[in-house]
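Inside the fold
The lines below spell out each chain.
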There are 2 protein chains.
Amino acid sequence: MQFIKVITLLLATLIGVNAVNAQEHPKLILTQEGVKKIRAELGNVPLYDASLQRVKEEVDAEIELGIDTPIPKDFSGGYTHERHKRNFYVAQKAGVLYQVLEDDKYAQYVKDMLFQYEAMYKNLPPHPKERSYARGKLFWQCLNDSNWLVYMSQAYDTIYNYLTADEREILENNLFRPFADYISIENPQFFNRIHNHSTWGNAAVGMIALVMDDKELLDRALYGIEDDGLELGAKDNDGGFIKVAGQKAGFLANLEDPFSPEGYYTEGPYYQRYAMYPFLIFALAMENAKPEMGVLEYKDNVLLKGVNTLLNLADADGEFFPLNDGQKGMSIYTASLVTAVDVAYHYGDKNPQLLSIAERQNKVLLDQAGLSVAIGIRDGKAKPFVKHSINLSDGQNGDQGGLGILRYGNEELTLVFKYTAQGLSHGHYDKLSFSLYEKGDEVLQDYGLVRFVNIEQKGGGNYLKENTTWAKSTIAHNTLSVNQTKHFNGIYEVGSKHHSELHFYDDSNKNVQVVSASESNAYPGTTMLRTMAVIKNPNFEKPFLLDILKVDSETTNQYDLPFYYLGHVLEVNFDYQSPVNLKPLGEKNGYQHLYLEGKGQAAGDFTQFAWMGNGKYYTLSSATQSSDEILLTRLGANDPDFNLRRDPGIIIRRNEAKDTIFASVIEPHGSYSPVNELSKNSNSHIAHLAVVHDDEQYTAVKITDLDGNQQLFIVANQQASQSAQHQLKINGKSYRWSGPYLYQ
Amino acid sequence: MQFIKVITLLLATLIGVNAVNAQEHPKLILTQEGVKKIRAELGNVPLYDASLQRVKEEVDAEIELGIDTPIPKDFSGGYTHERHKRNFYVAQKAGVLYQVLEDDKYAQYVKDMLFQYEAMYKNLPPHPKERSYARGKLFWQCLNDSNWLVYMSQAYDTIYNYLTADEREILENNLFRPFADYISIENPQFFNRIHNHSTWGNAAVGMIALVMDDKELLDRALYGIEDDGLELGAKDNDGGFIKVAGQKAGFLANLEDPFSPEGYYTEGPYYQRYAMYPFLIFALAMENAKPEMGVLEYKDNVLLKGVNTLLNLADADGEFFPLNDGQKGMSIYTASLVTAVDVAYHYGDKNPQLLSIAERQNKVLLDQAGLSVAIGIRDGKAKPFVKHSINLSDGQNGDQGGLGILRYGNEELTLVFKYTAQGLSHGHYDKLSFSLYEKGDEVLQDYGLVRFVNIEQKGGGNYLKENTTWAKSTIAHNTLSVNQTKHFNGIYEVGSKHHSELHFYDDSNKNVQVVSASESNAYPGTTMLRTMAVIKNPNFEKPFLLDILKVDSETTNQYDLPFYYLGHVLEVNFDYQSPVNLKPLGEKNGYQHLYLEGKGQAAGDFTQFAWMGNGKYYTLSSATQSSDEILLTRLGANDPDFNLRRDPGIIIRRNEAKDTIFASVIEPHGSYSPVNELSKNSNSHIAHLAVVHDDEQYTAVKITDLDGNQQLFIVANQQASQSAQHQLKINGKSYRWSGPYLYQ
């Protein structure tokens, strides 16, 4: 980092402030050359023309409506918030229309709006809503003010030459510079962090700096505030740290830190999607205005890699996996992904698979990148976007655990296995958790967040308290809870110090793909090793998931292993009682939100539970102990504001155990259609599942199907290299193999 | 009836058994002439060719697999059941392929299968499962045996001339005649009723009669068994009456009785869809083989009218309203509707709107009707199928209540208001109940049935006991429960004697469509008059529903009016307590299945409850009394087998009341998308709603919106003719109007 900073500073000094550049506008996202090319192609590129037409209609309607810059008052969802938000979106678009269509009415509209803001901003106090750790002026948080500036910088850039020098001076002195100072030096707790909030702040300041050619602001944006006066240990509204010892700040540091080398963003895809826009848009502005600094190519092209990674963090319908605080339904078809896909195509390696996503997005940016994509589509270059299995490391250097995604076939089955670091303040206490998808349908869900984003009635659209009491808790996830506590006791400071460790990842055989990882810090004195295999066996209709969780503990514990299925209970092979009155399962750590709808004993050493969801059948088959309890749960206890969904779950509870093994198969099978009322293959094909060997070195599981065929899976718990040689005798029979596992 | 019977008998006698006809095969569904035309068009009609190709692939695969006619053993969902079912479907198709493609392998396949059945049937005892009131031999109920014969008659007809006379004699003597006798004279309790079961039995016997040219069997099919020896008052498995005094039997009686003049089938669309096939297929066979009897045109073309009616009993996605015992998800795209649509097009008035449904069905029958539809589509004649508001009477003569469906615009809002008769044994105790749809999404749901059709794990796919204890109960529906009892105390014999009465129906103004009906027998001594209006007011974004329920009682009662919304609670304007432990709301009549999740008091005289479902917002605004209780419920209590969905509801409870008024608006507004996270118009536009007048003659409701605009709706409770003149003074202001209501 230090080295690069020196180099870039040096370069900047050598090149100096180019007086000619100051007149060359637009230069941020649109460039003069780009605009020429766009104008030349108008009418010849269908998707570009259609996108332009839609934007034109939208902006024309807004111009018709007139400009409103109300005195700030509301949270998100409220009028003043939504109006100011709409203003910056529309202004940016109007600026583009001015450049592309050369119609002065668009420039005049942007100019009028900017001067209305200029008149208002001079004397504007901080926003009246005091909830945020960093209040904005136009909005209740600096974050939204930064959004405003990122877009308004682009709008200003496009009409720069339409304004007189005097007009520009007024805007810059009364609006843009004070605005940039407010969200940076006046709010270092917002600006000077490693956090997606700061990325927006950095980008905002950097972009207006480029337009105004203000070197001081640009340095502040890139490298942060030297002396921010912040105290170590302070936290923001979400409980995230504001200042961590030894941490750098500014855009480049933000680019450096949260991305792993493959471009996995530590907060997860929902926030990566949100953060990608400021990262890309400012990097792009730097590429256009100061290409010599190489910001877009920074850290071995991590930004463009990140786009590809993000596209892979979605199910077959393109919806992002709701890891950590992620709202379900957010998808690769959202606006910020249009930017991501267009930029990745144009500035990257022109991957034709990106074109098929752009086709489905059905719109492009109105800049050079968008034109390039639209031309590619017009010329029939689009290829289907195919997702494969992928193992993504977490952490700046890729050494803080990761995320394994195993996909069978054309996403017929997708395992998302999480062995990441904490994920900053939006992280959940869910070490070694997983979720499972059949195409775009959730088979075993990750709950996501407890927040109704932008819905004012639900706590102003902000995080609700059940996000902490339920969504972040360990029992809310498909992973082990020990003694009804959370991982790291739910202490963020502790969780942030640790990450799980990859044991091995092997997707070389498409019919037996395996990922295995361990966690030894979540519960001190207890180590968990979880091995998950997506297996397609010719005797089975569909691929299934084998889940082996090996627990070693110094103490005697109660273990709860939940599976959050979605659907309707079909059949179980164990006895249970269903209480008439429902009571919460516990009093804290998330347990207070679960009702106990049924309680039974495991069916000896082999327990089955079948359900139907989304017109398909599923069976959980588990090697149990006869003393295991089976709990059938329903979310919704202690939820007086109805913030939680009433989703079901099944928990395998093992009492008074130390070292133990949980081995299960989650088996999708058959289908049901209410239109033809055909029920196909509604029964599990598994007759028995047993742990046939377990010691420090090896764990072996045997699956017997209804036809008597047997599958044996042995995992090496210690030596997992591809070249390691293994030998094991089970029930008098010897097995020899090399590599981390044997399947036969 | 009697007159028609005499005429048809006379005609049949005059024409006699035509010896030539006996050789003319096929004559049932395919005809010789039809087959010629089809062969001539092969390769020229894309949808026909594609349908043929699919059927060919299916049948070829089955031929490859070989014929299996296992000894009957299972309930539906089990192997023997599903295999025999598949056999008759495939045999019918193979027969068609033989005719169309003139390839003997298909005839041989059908012949071999029939002889396997012949060999088995001779000594076959009744099915070992004893649950049915009328056990079949191949299947556990005569109903399924009849399905078999309806299809196998067609198969036999198509290969009739492929067989020798000796072969035919063997099949007829050992298989078809004994089969027909078994499901008729040996099971009169099945055959000789007015019921969809009997329709299948009648059609089965009639179709094999036509193929074999057996007049005795044909008479039995058309007119029933003269002396069936059945006792009055006996019931079937579903609690339906088997014999009712004075009731006729046979196909024509079944055609006469359950259809109203517009073709509404009294059991509801789910059963109409099921019953349409035997009705149409046998009527069609009669049309082809004995057109002089005019069965297809019987009762003023009620069968073809019924197809149109059935298509109207669906939401914007084509899914049938789940009235009475209806499984959700069943739609106009199911196989039996392919028959219905093709037949209605070809034998009806060639309505081009039917072609667009056939297009979506994406297949046609392989007979003359299917060819005709495929040619219409090929020739570009298809027009969109547009559904309008419709008022359907119930009962043989259209005088037993009915069903009002009010649709605004292009199904932006659809009200289904039920004021029918009981609906035979599949009827629910839900007088004056309603459900509400926004396009294809349920806003306020009708629960449907408690049955997982054909899913063996759930009680063999049959009705579950919660169908009686919950789904049929009054509290399970969006209608009034008095003193926590069911309509007619849930006594079928009593409910069957009564029906609600239409007060008026007026859809002449597309912006104010009104239906009103009364019920005075469900609770003796208590009369309910419910008026429902779908209103589009220019000050409101979307159309809304106004619901005025006027109750007059001789006694003091507790009234419960539930609204089964689907979605997530957003905001309420009343205080409530949410218990930590959930208890059932009552002990019987359906109340035992509802948990109480929240209990509060009405917010004075105006109570609001808002929710979000399917990405849209909804608000219930109600004129309440401050002593009203508001109950928030969740289904699922006393459901140890997890047969019920965990759906929510809100109940307005009024204690110790006699005459009273419930007036509410259900207001759809706005939308939310998780992809762009835009929340639009999430607040109700209603500021207040009040009953401003109520007496015997008139009830008036005033809606005040947030901008202060007022809407007044006055309904005439007694004189509802279009010409009636009315005058009313409210708060000193006089209103004069003619017709059943005033809206201004």
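Residues numbered from 1 in each chain as written. Chains lettered and ligands numbered in written order. Predicted model: local features only at pLDDT ≥ 70, side-chain atom pairs only at ≥ 80, totals over all residues. Heavy atoms only, no water.

**Observations concerning the confidence of the model for chain A**
Interpreting fine coordinate detail is not advised for predicted regions of low pLDDT. Worth spelling out the cut-off: Values of pLDDT, the confidence the predictor places in each residue, fall between 0 and 100.
Per-chain confidence: chain A averages 94 in pLDDT, with 97% of residues scoring 70 or above. In the model output, the complex is listed with pTM 0.92 alongside ipTM 0.91.

**Observations concerning the side chain of H195(A)**
All names here are of chain A. The criterion, for reference: Only DSSP runs of H or I with at least four residues qualify as helices, and only runs of E with at least two residues qualify as strands; both kinds are numbered from the N terminus onward. Only protein chains enter the accessibility calculation, which uses a 1.4 Å probe. A residue is then buried if its area is under 20% of the maximum for its type, exposed if over 50%, and partly exposed in between. The term polar contact refers here to a pair of N or O atoms within 3.5 Å; inside protein, the definition further demands a hydrogen-donor-capable atom paired with an acceptor-capable atom, and it admits residues adjacent in sequence only when both atoms are side-chain atoms. We call two residues in contact when some of their heavy atoms are within 4.5 Å.
Locating H195 in the fold gives a position in the loop between α8 (188-191) and α9 (196-212). Judged by its relative accessible area of 3%, H195 falls in the buried class. Among the polar contacts listed, one links the side chain of H195 to the backbone nitrogen of H197, at a separation of 2.9 Å. Those residues in contact with H195, other than ones at most four positions away along the chain, are D236, N254, Y265, E267 and S425.

**A short note on the packing of helix α3 (residues 46-65) of chain B against helix α16 (residues 368-378) of chain B**
Residues and elements named next belong to chain B. As a reminder, the rule being used: For every element, the axis is a line fit to its C-alpha atoms; helices are fit only across the contacting stretch, and the angle between N-to-C directions ranges from 0 to 180 degrees. An angle below 35 degrees is treated as roughly parallel, one above 145 as roughly antiparallel, one from 65 to 115 as roughly perpendicular, and anything else as oblique. Under this grouping Gly is polar, as are all residues other than the nonpolar Ala, Val, Leu, Ile, Met, Phe, Trp, Tyr, Cys and Pro and the charged Asp, Glu, Lys and Arg.
Interaxial distance between α3 and α16 falls to 7 Å at its minimum, and their mutual angle equals 135 degrees. Of the possible angle classes, the one that applies to α3 and α16 is oblique. For the pair formed by α3 and α16, the contact residues are P46, L47 and Y48 on the first element and G370, L371, A374, I377 and R378 on the second. Classifying every residue of the contact of α3 with α16 gives six nonpolar, one polar and one charged.

**A word on the interface of chain B and chain A**
Note the cut-off: A 1.4 Å probe defines the accessible area here, and the buried area is the portion of it lost by two parts on being joined, summed over both. The salt bridge criterion pairs a side-chain nitrogen of Lys or Arg with a carboxyl oxygen of Asp or Glu, the two atoms within 4 Å.
Each partner contributes residues to the interface: chain B has 49 residues there, and chain A has 49 residues. A combined buried area of about 4,200 Å² lies between chain B and chain A, and 53% of that area is made up of carbon and sulfur atoms. At the junction of chain B and chain A, the tally comes to two salt bridges. Close ionic contact of E597(B) with R646(A) constitutes a salt bridge, the shortest N to O distance being 3.2 Å. Taken together, the connections running from chain B to chain A amount to 25 residue pairs in polar contact (both at pLDDT 80 or more). Mapped onto the side of chain B that touches chain A, the elements with two or more residues apiece are α12 (269-289), β12 (568-572), β14 (594-601) and β17 (629-635) of chain B. Here the residues of the side of chain B that touches chain A sort into 23 nonpolar, 15 polar and eleven charged.

**A closer look at the pattern of salt bridges**
Residues and elements named next belong to chain A. One pass over the full model with this rule turns up 73 salt bridges over all chains. For D647, the salt bridge goes to R645, with nearest N and O atoms at 2.9 Å. A cluster of three or more residues bridged by salt bridges with shared partners is formed by E58, E62, R83, R86 and K93.

**Here's the deal with the packing of aromatic side chains**
Definition in use: Any pair of Phe, Tyr and Trp rings, taking the six-membered ring for Trp, is counted once the centres come within 6.5 Å. Such a pair is stacked with planes under 30 degrees apart, edge-to-face with planes over 60 apart, and tilted for the rest. We count a charge as sitting over a ring when the NZ of a lysine or the CZ of an arginine lies within 6 Å of the ring centre and within 35 degrees of the ring normal.
Under the counting rule described, the total for this entry stands at 70 aromatic pairs over all chains. Pairing Y565(B) with F609(B) gives two aromatic rings, centres 5.0 Å apart and planes at 65 degrees, and the pair type is edge-to-face. Placement of Y565(B) in the loop between β11 (557-563) and β12 and of F609(B) in strand β15 (residues 606-613) is noted, with a sequence separation of 44 residues between them. You'll find Y565(B) and F609(B) in the same group, each marked buried. Among the aromatic residues, those joined into a cluster by ring pairs are F88(A), Y89(A), F139(A), Y151(A), W200(A), Y274(A) and Y277(A). The ring of W140(A) carries R131(A) above its face, with NZ or CZ at 5.8 Å from the centroid.

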